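What follows is the residue order along each chain.
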Amino acid sequence: MFPASLFNILLIVFLVLFGSLASSNTSNSSLPSINDFASHDAVSWRRLIHLAPSSSSLPTPTVLSEGFYLSAGNLHHELAEQELQATISLFRDADNGAQAICRFPARFLWLRQHYQFDPKLTLKHCARFIEWSGFNSLDTISLIFVSGYMGNPASTFGHVLLKLNSNDGQYSNGFFDLAINFGARVPPGEAGHIYITKGLFGGYTASFTNEDYYRRDLVYTNSEQRDAVEYKLKLNEFQKQLLIAHLWELNNHVFQYYFLRQNCAYRIAELLELVLENDNIIRRELSYAPATLFHNMEQYAPAAIADVTLIPSPKRSIFARFQDLPKDHQQIFNQLVSADGDVKTSYQTLDMNEEQRSRFLDLLLDYNTYRLASVADEDKPTLLARRKVIVSERLRLPPSDSLSARVRGQFQSPIGGSRPSRINLSHTSNYGIEDRTSIAFSPFYYDALGQHGESGSEIIMMNTELSYADKGGTIRLDHIDFLKIQRVNTTTPAIEREKRFSWRLGLQGSNNKGCRACLDLDFSMGLGRAFELNKRMLVYGFVDALYDGQYKEFAVSPTVAAVYSYRQFGVKVDLRSRYLVTSGRTENQLDIELRYRIEQNLEAGVVFGHGENDRATIKLAYYF
Amino acid sequence: MKKILSLVSAFILATCSLTSFAEGRTAEQIYKECGIGGALFGSSSPLLAMISNITWDLGTTAATSEMTDACSVDSAEVAAAIYIHEAYDLVETDISKGNGQYLNALTSILSCETKSVDQLIGEIRTEFADVIDASDYQGLEKSAKANALYELIKPHLSSSDSASCSLS
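Residues numbered from 1 in each chain as written. Chains lettered and ligands numbered in written order. Predicted model: local features only at pLDDT ≥ 70, side-chain atom pairs only at ≥ 80, totals over all residues. Heavy atoms only, no water.

## A short note on a nonpolar patch on the surface
Residues and elements named next belong to chain A.
For step 1, the next point in the chain: A contiguous nonpolar patch, built from Ile423, Leu425, Ile439, Leu466, Tyr468, Ile475, Phe569, Tyr596, Ile598, Leu620 and Tyr622 and spanning about 990 Å² of accessible area, is present on the exposed surface.
For step 2, the next point in the chain: Elements supplying a minimum of two residues to the nonpolar patch: strand E8 (422-429), strand E11 (458-469), strand E18 (586-599) and strand E20 (615-623).
For step 3, the next point in the chain: Among the structural elements, Leu620 can be located in strand E20.
For step 4, the next point in the chain: In this structure Leu620 comes out as partly exposed when scored by relative accessible area, which is 39%. (Patch = residues over 30% accessible without salt bridge, like charges linked within 9 Å, V, L, I, M, F, W, Y side chains within 5 Å. Areas by Shrake-Rupley, 256 points an atom, 1.4 Å probe, with all protein chains shown as cover. Salt bridge = Lys/Arg side-chain N within 4 Å of Asp/Glu carboxyl O. Helix = DSSP H or I, 4+ residues; strand = E, 2+ residues; numbered from the N terminus. Buried < 20%, exposed > 50% of the residue type's maximum accessible area, 1.4 Å probe, protein only.)

## Focus on the pairing of strand E4 (residues 204-212) of chain A
All names here are of chain A.
For step 1, the next point in the chain: Judged by how many residues are buried, E4 sits mostly within the fold: eight of nine residues are covered.
For step 2, the next point in the chain: Looking at chain direction, strand E3 (residues 178-184) and E4 are connected through seven bridges and run antiparallel. Bridge assignment links Ile180 to a residue of E4, and that residue is Asn210.
For step 3, the next point in the chain: Sheet topology note: the E4/strand E6 (residues 254-257) ladder contains four bridges and is antiparallel. Looking across to E6, one finds that Thr205 is bridged to Gln256. (Pairing = 2+ DSSP bridges.)

## Thoughts on the state of the cysteines
All names here are of chain A.
For step 1, the next point in the chain: Under the definition given, this model contains two disulfides over all chains.
For step 2, the next point in the chain: With a sulfur-sulfur separation of 2.0 Å, Cys102 is cross-linked through a disulfide to Cys126. The chirality of the disulfide connecting Cys102 with Cys126 is left-handed, given an S-S dihedral of about -80 degrees. Of this pair, Cys102 sits in helix H4 (residues 97-103) while Cys126 sits in the loop between helix H5 (105-111) and helix H6 (127-133), and the two are 24 residues apart along the sequence.
For step 3, the next point in the chain: For Cys126, a relative accessible area of 2% puts it in the buried group.
For step 4, the next point in the chain: Residue Cys515 pairs covalently with Cys518 via a disulfide, S to S 1.4 Å. Around the S-S axis, the bridge from Cys515 to Cys518 shows a dihedral of about -90 degrees and counts as left-handed.
For step 5, the next point in the chain: A residue is classified by how much of its surface remains accessible, and Cys515, at 22% relative accessible area, is partly exposed.
For step 6, the next point in the chain: Should the bonded cysteines of chain A be numbered as they appear in the sequence, the pairing reads 1-2, 3-4. (Disulfide = S-S within 2.5 Å.)

## Some points on the pattern of salt bridges
Pairing between side chains becomes possible if they bear opposite charge and their charged atoms approach one another.
For step 1, the next point in the chain: The full count for this structure, using the stated rule, is 39 salt bridges over all chains.
For step 2, the next point in the chain: With a closest N to O distance of 3.9 Å, Asp520(A) and Lys552(A) form a salt bridge. Linking Asp520(A) in strand E14 (residues 520-532) with Lys552(A) in the loop between strand E15 (537-548) and strand E16 (553-566), this pair joins segments that are 32 residues apart in sequence.
For step 3, the next point in the chain: Among the residues examined, Lys552(A) registers a relative accessible area of 53% and is labelled exposed.
For step 4, the next point in the chain: With its nearest N and O atoms 2.8 Å apart, the salt bridge here joins Lys115(B) to Glu123(B).
For step 5, the next point in the chain: Note on Glu123(B): relative accessible area 27%, which makes it partly exposed.
For step 6, the next point in the chain: Overlapping salt bridges, with partners in common, bring together Asp447(A), Glu593(A), Arg595(A), Glu603(A) and Lys619(A) in one network.

## A short note on empty space enclosed by the protein
Residues and elements named next belong to chain A.
For step 1, the next point in the chain: Tallied over the entire structure, the rule returns six cavities of 30 Å³ or more.
For step 2, the next point in the chain: Within this model, the largest cavity holds a volume of roughly 200 Å³.
For step 3, the next point in the chain: For the largest cavity, the lining is made up of 20 residues, of which Phe157, Phe259, Asn263, Ala289 and Pro290 are closest to its centre.
For step 4, the next point in the chain: Ranked by the residues each element gives to the lining of the largest cavity, the list is headed by E3, at three residues.
For step 5, the next point in the chain: Approximately 50 Å³ is the volume found for the second largest cavity.
For step 6, the next point in the chain: Surrounding the second largest cavity, Ile144, Val146, Leu161, Tyr213, Arg216, Asp217, Tyr220, Thr221 and Ala228 form its lining.
For step 7, the next point in the chain: Going through the elements one at a time, strand E1 (138-146) and helix H8 (213-223) are the ones with two or more residues in the lining of the second largest cavity.
For step 8, the next point in the chain: With five residues, H8 is the single largest residue contributor to the lining of the second largest cavity. (1 Å grid on protein atoms, 1.4 Å probe; cavity = no way out; pocket = protein on both sides within 12 Å on 5 of 7 lines; lining within 4 Å. Points joined across faces, edges and corners; volume = space filled by probe spheres on them.)

## Describing the environment of Ile598(A)
Residues and elements named next belong to chain A.
For step 1, the next point in the chain: Along the chain, the position of Ile598 falls in strand E18.
For step 2, the next point in the chain: The class for Ile598 is partly exposed, based on a relative accessible area of 42%.
For step 3, the next point in the chain: Sequence separation between Ile598 and Gln568 is 30 residues, and the spatial gap between their C-alpha atoms is 7.3 Å.
For step 4, the next point in the chain: Beyond its immediate chain neighbours, meaning those up to four positions away, Ile598 contacts Glu603, Ala604 and Leu620. (Contact = heavy atoms within 4.5 Å.)

## A look at the packing of helix H15 (residues 380-395) of chain A against helix H8 (residues 88-97) of chain B
For step 1, the next point in the chain: Contact geometry of H15(A) with H8(B) gives a least axis separation of 8 Å together with a crossing angle of 35 degrees. Between H15(A) and H8(B), the residues in contact are Arg387(A), Val391(A), Arg394(A) and Leu395(A) and Asp89(B), Glu92(B), Thr93(B), Ile95(B), Ser96(B) and Lys97(B), respectively.
For step 2, the next point in the chain: Across the contact of H15(A) with H8(B), the residue classes break down as three nonpolar, two polar and five charged. (Axes fitted to C-alpha atoms, helices over the stretch in contact; angles between N-to-C directions. Nonpolar A, V, L, I, M, F, W, Y, C, P; charged D, E, K, R; others polar.)

## Some details on the side chain of Glu273(A)
Residue and element names in this part refer to chain A.
For step 1, the next point in the chain: Residue position: Glu273 is located in helix H10 (residues 264-276).
For step 2, the next point in the chain: Among the residues examined, Glu273 registers a relative accessible area of 9% and is labelled buried.
For step 3, the next point in the chain: There is a polar contact of 3.3 Å between the side chain of Glu273 and the backbone nitrogen of Ile281.
For step 4, the next point in the chain: Once you skip the residues sitting within four places of it in the chain, Glu273 turns out to touch Arg47, Asn278, Asp279, Asn280, Ile281 and Ile282. (Polar contact = N/O pair within 3.5 Å; in protein donor to acceptor, adjacent residues only side chain to side chain.)

## Thoughts on the environment of Asp591(A)
All names here are of chain A.
For step 1, the next point in the chain: Positionally, Asp591 belongs in strand E18.
For step 2, the next point in the chain: Using a relative accessible area of 11% as the deciding quantity, one classes Asp591 as buried.
For step 3, the next point in the chain: For the pair Asp591 and Phe569, spaced 22 residues apart in the sequence, the C-alpha separation amounts to 17 Å.
For step 4, the next point in the chain: Within the structure, the side chain of Asp591 is placed 3.3 Å from the side chain of Arg576, a separation counted as a polar contact.

Listed below in structure tokens is the structure:
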């Protein structure tokens, strides 16, 4: 038997060993773990650290710059865990915790819902963050859709901004509130083809930037004359604070930029998914246009939208106010703004009462301001000379009594129509020659009959059609519209000197040989005129210059078309002729399309064609 | 080019001091030293190129953010100088009309300690009419026009001691 003293010694040794082992086990089990969270919280944590979703084939962190991630793991489930532990360790560090929470205020706000931290840790001491964000005076947050702009390829499909509305913003129209923008970092002077290639295939990085909102207004509305739609969001205090704190965390950090998906709308959608804890703001869309974000908000997060306001461009507002003028005032207006208009007209001699003269001069001045922003420098002296006289005359009259400048000029929100991507099923009969069944997909499809607020105008990108021959059973690549833009400008009645030309261009490939995937490329550019006969009917004509890839020669192609829309119905009649310059060959084609909108994102239609291509087509289109 | 911009930005950060900044300086001087356009592009203001869907490279963007922070628009004088310089045409338009979003934004940084907003607008319009009617006005560069307007606005700006019109 053991002596009692030896037994006691062994017992003590055993207890010390066991105790330390148990103690270390307890320390390890107190480490935070992603498994501590409910599944939706684990998703929120991954969103906060911008980890690609687990179903992604790229399970890597998406913030590329240094300083955002504290740990070095690459696999998404490891990084989520390691980043959690590293963040909490840093926040609990006695020497660095206070500074760390100022660097990662969103992580702090979010994590303190789940973990205990030193009660002395508070964001109130983060002076730079508080000052930048207006944390204490934030009222609401708005999501702003800026309509497409043809002057910049990257802007064609629209843009999205966030605006942090302060309590004081109501007195300044929010002009000194922060506007948050996400954009690609493109070196100056980049060549067009490089710009497009890199933009499409991830050749650029991108980041969030911020400035006073008026700077955005100066460019988007006053220089580029783009309409906007403002969605004021309904967020609780925590959601607002989390959003702006996370924007601070992302300041100067970079992401990879992909024009079709990981773009401005996508990155802002990620922020909204985080604060709304909603998986449906970004779904499984192959492409993510700015309009998609708003469609998804309306469909899957309507409770988060407090208010929607249409903001017409100054140009739209000016044209609307011009139409409100009596006919004789319109004539005077056109005389004054014409090239031969007298620079030093005395507006006091106009046959108008004081109020009429005030409104008239307001319109003249707004039109002068709009023109100044859009003309070349050599045209400015005349405008400035007229401006001096108008301003001087206007200052003699009492102030206007209302904010008339932006009130007039309502328009249909582009978000009110169908979603931007389209899949189309159709069956075409060439009257016994060859019947084909087709499927076509386009990430962005706004056509002349579409419900996107701009009747007659088109933006179609990468519309790719595969077809199956009913006889013979062959599948082939039938057609690709790489890019098709048609811009229809109607100003009725017209302000003198305004552009009345419509324009269009297109690059497409057509399978004319019946092979599997051989395409003849056509490129066309055209100018035309358009007339709005009434609110439902539009007629336009174009003359296109084009390169015919099938015949390998240049051609001229005049077109006349009419578009009629009434509620869910739409009709388009298109008559065109193509004259090939070298061979003298002429081809004529008449197409009549009837379309019925079954619901917002579902349409059915028939097309009858006669001429070079006799055919009848039935189709069903789904927008998503 | 990047090096030059970085040096310019660093110089501006080193010399930018908020309180002494606006004293005795013209709008153009304030704009050049605090306005983003001024720092990036010198005396011209190609906002079109700068503010669009695309942003510039990391160095200038970082400098821009830092600089905006350092030359904070806590000071109504700095805010007014930059704003007038960048939005001159629209501010001029709205002052002439006596109404408009760009005028509203300007009045939000004026002092309503002793006068109402409407009184201030009336005074500004009267004084501005004299500026416009000056014989050399038409030939002035935009920056000079902005300076003239800024000098007219300056006595009416709010300070920490006076009630801002945004509170009225």
